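# Analysis of the macromolecular model
Listed below, chain by chain, are the residues.
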Amino acid sequence: MPDTNVIVVVAGTFLLAGMVKGVIGLGLPAVSLAVLTIAFDLPSAMSLLLVPSFVTNLWQSLAGGHGTAILLRLWPFLVPATATVWIGAQALTRMYLLMLTALLGVLLVTYSMANLRGFQLAIPARHETWVGPLVGVANGVLTGMTGSSVVPGVMFLQAIGLSRDMLVQAMGILFTTSTLALAVALQKANVLTVEHGILSFGAVLPAIAGMILGQRVRSTLSERRFRKVFFVALLVLGAYIIVSALREMWTRP
């Protein structure tokens with residue numbers, strides 16, 4: 001049975017992450033990974049993320065009515081983004097985990113800075129067919145290594161001119177398929193444990209409660225201001241993860 005303190009940390013993390021997702025429609029994987037990596041090692045944080053991320057993103061991937069159009073257009077990106085997750089996951093048992101933790105921090109900082117600075121790529125339709133598979137491979141490998149699917153995947157989706165509703169649904173599809181692939185990869189790498197599974201299933205309720213709370217809060221807050229606060233906080237967390245990982249690497253014998 002998981003320790004009470006562990007249960008409180010996990011429940012609190014997913015309540016917060018769910019609330020962020022409820023307010024701005026994204027951020028559950030990023031927030032939960034950022035916070036959990038401070039309290040646990042990276043493979044454990046990735047394992048705890050699996051069920052709440054899958055449940056919340058499956059709902060997002062099915063809502064919107066654009067599923068068929070998205071799959072027909074984006075399969076050259078989505079297939080490699082899903083199929084290459086296992087490659088990155090091999091690093092969890094073969095590379096120094098603190099280096100991968102620092103890489104997660106770099107991805108969170110990059111994602112935050114791009115949004116705070118209003119950085120927006122634009123990929124013409126004529127280049128989408130060859131850029132998509134390349135970005136998909138990079139995104140899949142990084143997802144396997146860090147558990148994060150936002151860089152460069154979300155940036156690619158933002159750059160190809162999708163409507164807001166299609167963008168939200170496409171992100172849901174990306175995160176859902178990536179989470180499934182990550183679960184399989186972590187299982188094959190012998191990273192998942194029974195305790196991880198119990199905690200991950202238990203985290204679904206606080207994540208959903210947080211989403212409901214966030215949706216109610218959204219009506220009383222400026223989404224633009226909340227997004228700014230969110231990305232500043234994510235930037236600080238990412239920087240802290242980098243510094244902590246590098247400091248521990250430096251001080252270890």
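See the structure printed just above.
First things first, this report covers the structure right here in the doc. The model shown is predicted, which means the values in this text are computed figures rather than measured ones.

Scanning the model with the defined rule gives three aromatic pairs in all. Summarising the aromatic geometry, the rings of Phe77 and Phe156 are spaced 4.8 Å apart at their centres and angled 35 degrees between planes, so their arrangement reads as tilted. Placement of the pair is Phe77 in helix H4 (residues 67-83) and Phe156 in helix H9 (residues 153-159), with a sequence separation of 79 residues. Overall, Phe77 belongs to the buried group, its relative accessible area being 1%. Here the aromatic rings of Tyr111 and Phe231 are separated by 5.5 Å at their centres, their planes lie at 85 degrees, and the arrangement is edge-to-face.

With that out of the way, let us pick up the nonpolar core. Grouped together as the largest cluster of nonpolar side chains are 70 residues, with contacts concentrated most on Leu74, Phe156 and Leu157. Of the residues forming this core, the biggest block, eleven residues, is contributed by helix H10 (residues 164-188). Apart from residues lying up to four places away in sequence, Leu157 is in contact with Leu74, Phe77, Leu162, Leu167, Ala170, Met171 and Leu174.

Bringing the layout of surface pockets into the picture now. Over the atoms, a rolling probe the size of a water molecule traces out where space has been left empty. Estimates place the volume of the largest pocket at around 510 Å³. Lining the largest pocket we find 22 residues, and of these Asn115, Gln120, Gln158, Arg227 and Phe231 sit closest to its centre. Elements supplying a minimum of two residues to the lining of the largest pocket: helix H7 (97-116), H9, H10 and helix H13 (223-251). For the lining of the largest pocket, the element with the highest residue contribution is H13, accounting for five residues.

The next subject is the environment of Ser219. Tracing the chain through its elements places Ser219 in the loop between helix H12 (204-218) and H13. Accessibility expressed as a relative area gives 64% for Ser219, which makes it exposed. Counting along the chain gives 196 residues from Ser219 to Val23, while the straight-line C-alpha distance between them is 8.6 Å.

What follows is about empty space enclosed by the protein. All told, the structure shown has two cavities of 30 Å³ or more when counted by the stated rule. Roughly 100 Å³ of internal volume is contained in the largest cavity. The wall of the largest cavity is formed by 13 residues, among which Ser53, Gly147, Ser149, Phe175 and Thr179 lie closest to the centre. Mapped onto the lining of the largest cavity, the elements with two or more residues apiece are helix H3 (42-62) and H10. Residue classes in the lining of the largest cavity are distributed as six nonpolar, seven polar and no charged. What the second largest cavity holds in volume is close to 50 Å³. Along the walls of the second largest cavity sit Leu26, Gly27, Pro29, Ala30, Tyr111, Val150, Val154, Met171 and Phe175, which together make up its complete lining. Mapped onto the lining of the second largest cavity, the elements with two or more residues apiece are helix H2 (28-39) and H10. Looking at the lining of the second largest cavity, its residues break down into eight nonpolar, one polar and no charged.

So, on to helix H1 (residues 4-24). The terminal C-alpha atoms of H1, which comprises 21 residues, lie 31 Å apart, in line with the 30 Å expected from a rise of 1.5 Å per residue. Along H1, the positions that sit buried rather than exposed are Val6, Val10, Thr13, Phe14, Ala17, Gly18, Val20, Lys21, Gly22, Val23 and Ile24. Residues of H1 that are buried sit in contact with H2, H3, helix H11 (194-202), H12 and H13. One side-chain oxygen of the residue at the start of H1 lies 2.8 Å from the amide nitrogen of Asn5, identifying that residue as Asp3. Phi turns positive one or two residues past the end of H1, at Gly25, with a value near 85 degrees.

Conventions adopted
Residues numbered from 1 in each chain as written. Predicted model: local features only at pLDDT ≥ 70, side-chain atom pairs only at ≥ 80, totals over all residues. Heavy atoms only, no water. Phe/Tyr/Trp six-rings, centres within 6.5 Å; stacked < 30°, edge-to-face > 60°. Helix = DSSP H or I, 4+ residues; strand = E, 2+ residues; numbered from the N terminus. Buried < 20%, exposed > 50% of the residue type's maximum accessible area, 1.4 Å probe, protein only. Core = buried A, V, L, I, M, F, W, Y, C linked by side-chain atoms within 4.5 Å. Contact = heavy atoms within 4.5 Å. 1 Å grid on protein atoms, 1.4 Å probe; cavity = no way out; pocket = protein on both sides within 12 Å on 5 of 7 lines; lining within 4 Å. Points joined across faces, edges and corners; volume = space filled by probe spheres on them. Nonpolar A, V, L, I, M, F, W, Y, C, P; charged D, E, K, R; others polar. Expected span 1.5 Å × (residues − 1). Polar contact = N/O pair within 3.5 Å; in protein donor to acceptor, adjacent residues only side chain to side chain.

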